[in-house]
Protein chains: 4
Amino acid sequence: MNVGIMGCSGYAGRQLLNILVMHKKVSLKALSSNTYAGKEAKNIFKLSQYTGQLVIDSDVEFLNKATLCDVIFLALPHKTSMANTRKLLKLNSRLRIIDLSADYRFKDSMVYEKWYDCIHQDKENLDNSCYGLTEMNREKLSDTKIVGNPGCYPTSVLLGLLPILSFENLDLNSIIVDSKSGYTGAGVKPESYKMLAEGIDNVYPYGGTEHRHVGEIENTIEKITQTKAFIQFIPNLIPVKRGIITNIYINMKVKMTYSEVLSQYRTYYAKEKFVIVHDEIPKLSWSVGTNNCHIGLLVDERTNRIIVTTTIDNLIKGASGQAVQNMNVMFGFDEDEGLKYINQNI
Amino acid sequence: MNVGIMGCSGYAGRQLLNILVMHKKVSLKALSSNTYAGKEAKNIFKLSQYTGQLVIDSDVEFLNKATLCDVIFLALPHKTSMANTRKLLKLNSRLRIIDLSADYRFKDSMVYEKWYDCIHQDKENLDNSCYGLTEMNREKLSDTKIVGNPGCYPTSVLLGLLPILSFENLDLNSIIVDSKSGYTGAGVKPESYKMLAEGIDNVYPYGGTEHRHVGEIENTIEKITQTKAFIQFIPNLIPVKRGIITNIYINMKVKMTYSEVLSQYRTYYAKEKFVIVHDEIPKLSWSVGTNNCHIGLLVDERTNRIIVTTTIDNLIKGASGQAVQNMNVMFGFDEDEGLKYINQNI
Amino acid sequence: MNVGIMGCSGYAGRQLLNILVMHKKVSLKALSSNTYAGKEAKNIFKLSQYTGQLVIDSDVEFLNKATLCDVIFLALPHKTSMANTRKLLKLNSRLRIIDLSADYRFKDSMVYEKWYDCIHQDKENLDNSCYGLTEMNREKLSDTKIVGNPGCYPTSVLLGLLPILSFENLDLNSIIVDSKSGYTGAGVKPESYKMLAEGIDNVYPYGGTEHRHVGEIENTIEKITQTKAFIQFIPNLIPVKRGIITNIYINMKVKMTYSEVLSQYRTYYAKEKFVIVHDEIPKLSWSVGTNNCHIGLLVDERTNRIIVTTTIDNLIKGASGQAVQNMNVMFGFDEDEGLKYINQNI
Amino acid sequence: MNVGIMGCSGYAGRQLLNILVMHKKVSLKALSSNTYAGKEAKNIFKLSQYTGQLVIDSDVEFLNKATLCDVIFLALPHKTSMANTRKLLKLNSRLRIIDLSADYRFKDSMVYEKWYDCIHQDKENLDNSCYGLTEMNREKLSDTKIVGNPGCYPTSVLLGLLPILSFENLDLNSIIVDSKSGYTGAGVKPESYKMLAEGIDNVYPYGGTEHRHVGEIENTIEKITQTKAFIQFIPNLIPVKRGIITNIYINMKVKMTYSEVLSQYRTYYAKEKFVIVHDEIPKLSWSVGTNNCHIGLLVDERTNRIIVTTTIDNLIKGASGQAVQNMNVMFGFDEDEGLKYINQNI
């Protein structure tokens, strides 16, 4: 199958490239990066084991290669994917798109426009899109045209909530999320707060009360529960390169025991390859370098609260790994093809 | 004034020593450490600017020096300070004690015994003790015999709550605390989870639902509000050396605006030298190496919640710095003597 | 092919396990660790993608499984491999051994005994052993019985020297090596200097003038050049988890240009899959998580010196990856089987 | 005494400000930073213990305040200090200048112009300048007009060499320096290689064979030895915030013992407050946050080499601390005034 990546110089694009060069079913046909156009991918990205000789295109040149591809991944900034998707699908109507930006994460363009403060430029294709949280939408993905690949924080939050969202017992408005993310989550653009000298002995909560990911989380919870809920979400930058660890606090209306809650999680994820429920609290490092989401639970009988801890690698399960997982589902490959190798969690 | 430190090989003891050698009103008379007994303090602790020639005693030898001292700091493990305090006060009844362990943090020995799972060995002296959160108990400290110096996490939580605890408007049972601490908080004893190779790319929540500090936090809230409240408290180890950053989430019963809440904090701490209220969210690094607690606020009108972020240096305001601040109050020195120099927050 | 690992709880053993579970030609038959005996490997080592159900043996139990195996990796402490090797080969004479300790790195037991200050307990098998620096001894490895897998520092130094050691032009006694290593190189045993709180803002040179690896480096240089040379080698611990970066300084007797030296390196490693010569100085991160050694060069015409910089992952090319590479050579598999997947150098 | 700082938004300027606000003899009259002009210094730089209300000027406004000051520190980029110095001295001829850039480090403008590839714009004042390595030039500093404060790397190298440079026994052309520096050494300007996500698991040698500091080191060695020597100098960025640790390798012509060399260092630095010679190898952390240079030695009898390890804080002894030390010498204050407080090396 022929694959292209538009935007390979960001962290997610580079990670995606690293995964796809190991994928057995994939032939890489085109790559773009305005930064590196004209250079050979193998050299720029230190792909020592890659034997291909792909030369990087500019974004404009890349569009011409749409006809060569069966699927294209977009690892572009928010708000730039939608126009490119429209163009690509005009050039090649059988093409399928996996978009790592936020542009196709909301079926309802008005919700998107509210949180991203812009006009959606490809409303007609929203109907052909699907939110790409694989464990939630696996069925729908197989025949979707466009995948809106989830954000890294929402992935870490929603995988921690899916097994219990259908409980009548939860007070949805009580959900508080305290997430900690490494610096690749902040992107490649040099900015003062991302410098090592500023961050290495530092931690900071950011984003105020209305971080964009709140919209994505609330929207998905509403889809599942048919209830409008207000979520508290505070992201914190911590001095690591990769990974997100999330603590989710939820009030129960009626007491449940730890083993009842644990059992619910185990049942829900019993057949999943990339979500592992533990009877201990996971450490961030368990997920780093893998597509795995690890989950641990506390149930506090004093406060009547469930506390869910999840860990993911923000660039893999939180971005490129989940994108490849979605591709595998869309095209009927083994769901872990290309992803089973990245398992170096020492 | 003559001062001794019992237990100077731990991180808090070493930090205390570093502060006291710069303190204008203090003459250091005795130091103990079973690890380093017989060695010269200047060499062991790289006190390059210290001109004294103090030799470190064993804990047993140290007791004999009680008669030389006006005040003794105990930087000993929990559960070992109480017996030593009793001995010291028998040897020198005019002595005052500042204990960095948990042994004198609870006036009610039963509460102590419940959270620390042991018998209190110096109940008679609990009446002469005072909980040493300086900003809360300044008045009482001036004529106390024994200070129970607060834990590092409780300091970061309680300073964030003090200005609003008297609000009828708060739902005290809604308080959720998500704290992140550096590794000096875990002590000097080598253990697997504290190793650099395990921790440097890692984060982990620990302590389950009933970390001991919950008792200290709840006990103090109850003292102030006369209400029994259940607090959720999750500490997380993060890969930094020093510092605690704490996010506190609290539900309001009735809406308040950001400026109303901010104004309450500013008023409450207006005269404090070591608590600074900002109109932005503080970064952990602002507190590292200083005795300062920085506080920032969010008020979320969607969820009707206050989110307080506090930062402290766990070894200074969270331990030794506050201990010296307490000594300054007890003996009528300038409250920032010895502490104003440690201000290297670049 | 049936494989066993003796000693899988150290960092090298865990890395080896992670590589072997992805190796297409290998069936894992037995694992040992006194620490984890009786536990299931998949759980202990978070091998999420591993579908086997191997239970960990104690070292003693493991010996009984020698008859099941074609090759056994020993990831044991120095000085304990030799007795175990002798036992294993008595139990199964067709077995081949890849030893990650220093016990079979020296053909001459007297050299070993001098640097390791002990008696060699398996002298008769030294004749059947081969030093496992793959790029140097590939031919000999194919029919060796026992591989003495190189140390991590010596691998980083020798790969940087191999292409020019035959130059008459070098002043061998001028070689100075300044190496920087991450903390996994110091092993899993908790010790004070390895703690995060001690190391995260720290760097230190260690080992004095006669670090054991000097013996291994000098011994190999002597094998190749037939000349006794004295090497200066200073290792430094730096606050990273994995990787070694080495600067090697060598005086030339007669001037050579940068392009002459570069060309020599490129020719020498032209066919190698795991050694890449660049026309820039490599960064440590290029090697982390991979079996690749990256090499860059400076030639200083002012001082008449070559400066070689090499990078490796201490646990992969510096230990387990090279061990698997050696197995692949010994058994005629593709040299990169099991190793081509670990390429996540973002 | 009235003091001004021109350029206080860089790391060295901020550190300088932190030191000067604690200095007993100093009244801070003016600060400049184009970035922060118009803002209050206390807020911008979180100077919690500072009670002054100094407002930051632009560089242009600052010049007008020259008449208020007795001494002005320039913490400006290389090549911009010389023109400003000329202007300042015209406005106030009794002013003394301490320049943290390279502009006054070379008495011979041609040497400066060669290494910095520009024309020196204040040649007439070079005669009134003095290289500010305090321990070397203390006598000359007391009546100098302009101090060329040393670079951070050269400070770490030269303090390690001073005690033995007069030995006939050294082969000066054999000197090899391998230095490791934290990221504050690379400055505040956001650039890709300085980002936390790029650097935290990384190390890299940089600067090629002719880093500018080679010129400063060679120039000073030549001043002392009257011999032209070629030095090898390789700086390496390591993932810490502050500090430089330097290994210096030097060949001896004739053997000397460890105790002979150690004794030479101890004698040379016997009266120094800020250089401490140890009989062990120092760790980087000993110097962090202090003005102290720690020195340790190895003498290798196999190779006939001395290996000197030095540690400094790049922003303190390597920049602002030494600048204040120089001011203290120039004005006859205690040499450690303002510097004795910064001693938090836990």
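Thresholds applied
- Counting of residues starts from 1 at the beginning of each chain's written sequence and follows it residue by residue.
- By the order in which they are written, chains take letters starting at A while ligands take numbers starting at 1.
- Restriction of local features to residues with pLDDT of at least 70 applies here, the model being predicted, together with a cutoff of 80 or more for giving and counting side-chain atom pairs; totals for whole chains, interfaces and linings are based on all residues.
- Side-chain metrics in this entry use all non-hydrogen atoms of the structure; hydrogen atoms and water are not considered.
- Here, axes are lines fitted to C-alpha atoms. For helices the fit covers the stretch in contact, and angles between N-to-C directions go from 0 to 180 degrees.
- For the purposes of this entry, the term helix denotes a DSSP run of H or I that reaches at least four residues, the term strand denotes a run of E that reaches at least two, and both are numbered from the N terminus.
- To sort the angles, those under 35 degrees are grouped as roughly parallel, those over 145 as roughly antiparallel, those from 65 to 115 as roughly perpendicular, and the leftovers as oblique.
- Rotating anticlockwise by less than a right angle from the far helix to the near helix defines a left-handed crossing, while the corresponding clockwise rotation defines a right-handed one.
- Any two residues whose heavy atoms approach within 4.5 Å are treated as being in contact.
- Under this grouping Gly is polar, as are all residues other than the nonpolar Ala, Val, Leu, Ile, Met, Phe, Trp, Tyr, Cys and Pro and the charged Asp, Glu, Lys and Arg.
- Delimitation of the domains relies on an automatic or database domain assignment.
- As used here, buried area is the combined drop in accessible area, with a 1.4 Å probe, of two parts when they are placed together.
- For this analysis, a salt bridge means a side-chain nitrogen from Lys or Arg found within 4 Å of a carboxyl oxygen belonging to Asp or Glu.
- We define a polar contact as two N or O atoms separated by no more than 3.5 Å, with the added condition that, inside protein, one atom must be a possible hydrogen donor and the other a possible acceptor, whereas residues neighbouring each other in sequence contribute only through side-chain atom pairs.
- The copies are overlaid by a least-squares fit using only the C-alpha atoms of residues whose pLDDT is at least 70 in both copies.
- The definition used for a disulfide is geometric: two cysteine sulfur atoms within 2.5 Å.
- To sort residues, take the accessible area from a 1.4 Å probe on protein chains only and compare it with the maximum for the residue type: under 20% means buried, over 50% means exposed, and anything in between is partly exposed.
- Strand pairing is defined by DSSP finding a minimum of two bridges between the two strands.

Undergrad: Would you mind showing me how to read the packing of helix α8 (residues 152-161) of chain A against helix α10 (residues 212-225) of chain A here?
TA: Each pair of packed helices can be described by the angle between their axes along with the distance between the axes. Residues and elements named next belong to chain A. One way to put it is that α8 packs onto α10 with a least axis distance of 9 Å and a crossing angle of 30 degrees. Between α8 and α10, the interaxial angle falls into the category roughly parallel. Crossing of α8 over α10 shows right-handed handedness. Residue-level inspection shows Tyr-153, Pro-154, Val-157, Leu-158 and Leu-161 of α8 in contact with α10, the latter providing His-213, Glu-216, Ile-217, Thr-220 and Ile-221. Of the residues belonging to the contact of α8 with α10, the class tally is seven nonpolar, two polar and one charged.

Undergrad: Looking at this structure, how should I read the domain arrangement of chain A?
TA: Many authors give the size of an interface as the accessible area that is lost as the parts come together. Residue and element names in this part refer to chain A. Taken as a whole, chain A is organised into domain 1 (2-150 + 317-330) and domain 2 (153-314). Each side of the interface is counted separately: domain 1 has 24 residues, and domain 2 has 30 residues. Note on domain 1 versus domain 2: buried area summed over both sides is about 2200 Å², and carbon and sulfur give 59% of it. Considering only the side of domain 1, the residues that lose the most area to domain 2 are Tyr-11, Trp-115 and Lys-317, jointly responsible for 32% of the buried surface there. Summed over the shared surface of domain 1 and domain 2, the result is two salt bridges. With a closest N to O distance of 3.0 Å, Glu-216 and Arg-105 form a salt bridge. Counting across the domain 1 and domain 2 interface gives 10 residue pairs in polar contact (both at pLDDT 80 or more). Elements with a contribution of two residues or more to the side of domain 1 that touches domain 2: α1 (11-20), α5 (109-116), α7 (134-141) and α12 (316-331). Top contributing element to the side of domain 1 that touches domain 2 by residue count: α12, with six residues.

Undergrad: What am I meant to see in the relation of the copies chain B and chain D here?
TA: To go from the first copy of the chain to the second, apply a rotation about an axis and then a shift along the same axis. Superposing chain B onto chain D requires a rotation of 180 degrees together with a translation of 0.0 Å along the rotation axis, leaving an RMSD of 0.0 Å. Considering both components of the superposition, the chain copies are consistent with a two-fold axis. Of every C-alpha in chain B, the one belonging to Tyr-341 of chain B sits nearest the axis of rotation, 2.9 Å from it. The overlap is high: 100% of the interface residues of chain B also sit at the interface in chain D, so the same surface is used on both sides.

Undergrad: What should I look at first to understand the environment of Phe-45 of chain D in this one?
TA: Considering the arrangement of structural elements, one finds Phe-45 of chain D in the loop between α2 (41-44) and α3 (59-63). Spatially, the C-alpha atom of Phe-45 of chain D lies 8.8 Å from that of Ser-9 of chain D, the residues being 36 residues apart in sequence.

Undergrad: How should I be thinking about the state of the cysteines in this particular structure?
TA: By definition, a disulfide is the covalent link that joins the sulfur atoms of two cysteine residues. Summed over the entire model, instances satisfying the criterion amount to zero disulfides over all chains. Free of any disulfide, Cys-152 of chain C has its nearest cysteine sulfur in Cys-293 of chain C, 13 Å distant. In this structure Cys-152 of chain C comes out as buried when scored by relative accessible area, which is 14%. Here Cys-8 of chain D is not cross-linked by a disulfide; its sulfur's nearest cysteine counterpart is in Cys-69 of chain D, at 13 Å.

Undergrad: Any chance you could explain the sheet that holds strand β1 (residues 2-6) of chain A here in plain terms?
TA: Whether parallel or antiparallel, the strands of a sheet pair through hydrogen bonds between backbone atoms. Residues and elements named next belong to chain A. Spatial ordering of the open sheet is given by β2-β1-β3-β4-β6-β5, a layout of six strands whose pairing is parallel. The sheet terminates laterally at β2 (27-32) and β5 (129-131), the two strands that pair on one side only. Recorded for the sheet is a direction-independent mean angle of 20 degrees between the axes of neighbouring strands. As paired elements, β1 and strand β3 (residues 71-74) share four bridges and run parallel to each other. The residue bridging Met-6 from the neighbouring strand is Leu-74, located in β3. Of the strands in this sheet, β4 (96-99), β5 and β6 (146-148) are in contact with α7, which crosses β5 at around 155 degrees.

Undergrad: Can you help me understand the interface of chain B and chain A in this one?
TA: The interface is formed by 45 residues belonging to chain B together with 45 residues belonging to chain A. Roughly 3500 Å² is buried in total at the junction of chain B and chain A, and carbon and sulfur atoms are behind 58% of that figure. Of all residues in chain B, the largest losses of buried area upon contact with chain A belong to Val-203, Gln-232 and Arg-302 of chain B, amounting jointly to 18% of the total for that side. Between chain B and chain A we count four salt bridges in total.

Undergrad: It is not clear to me how the interface of chain B and chain D should be interpreted in this structure. Could you clarify?
TA: The interface is formed by 27 residues belonging to chain B together with 28 residues belonging to chain D. Contact between chain B and chain D buries roughly 2600 Å² in total, counting both sides, with carbon and sulfur atoms accounting for 49%. Counting across the chain B and chain D interface gives two salt bridges. For Lys-46 of chain B, the salt bridge goes to Glu-280 of chain D, with nearest N and O atoms at 3.3 Å. Here chain B and chain D share two residue pairs in polar contact (both at pLDDT 80 or more) between them. Ranked by residue count, the leading element in the side of chain B that touches chain D is helix α1 (residues 11-20) of chain B, at four residues. Tallied by class, the residues present in the side of chain B that touches chain D amount to nine nonpolar, 10 polar and eight charged.

Undergrad: Please explain the pairing of strand β13 (residues 305-312) of chain C as it appears in this structure.
TA: The side chains of a regular strand alternate, first on one face of the sheet and then on the other. All names here are of chain C. Most of β13 sits inside the fold, with eight of its eight residues counted as buried. The alternating pattern of β13 places Arg-305, Ile-307, Thr-309 and Thr-311 on one face and Ile-306, Val-308, Thr-310 and Ile-312 on the opposite face, and all of these are buried. Bridge count for strand β10 (residues 244-251) against β13 is eight bridges, and the pairing is antiparallel. Pairing of Thr-246 across the sheet is with Thr-310, part of β13. Sheet analysis places strand β12 (residues 293-300) next to β13, joined by seven bridges and oriented antiparallel. Within the sheet, the bridge partner assigned to Val-299 lies in β13 and is Ile-306. Hairpin connection from β12 to β13: four residues lie between these consecutive antiparallel strands, with Asn-304 at a positive phi of about 60 degrees.

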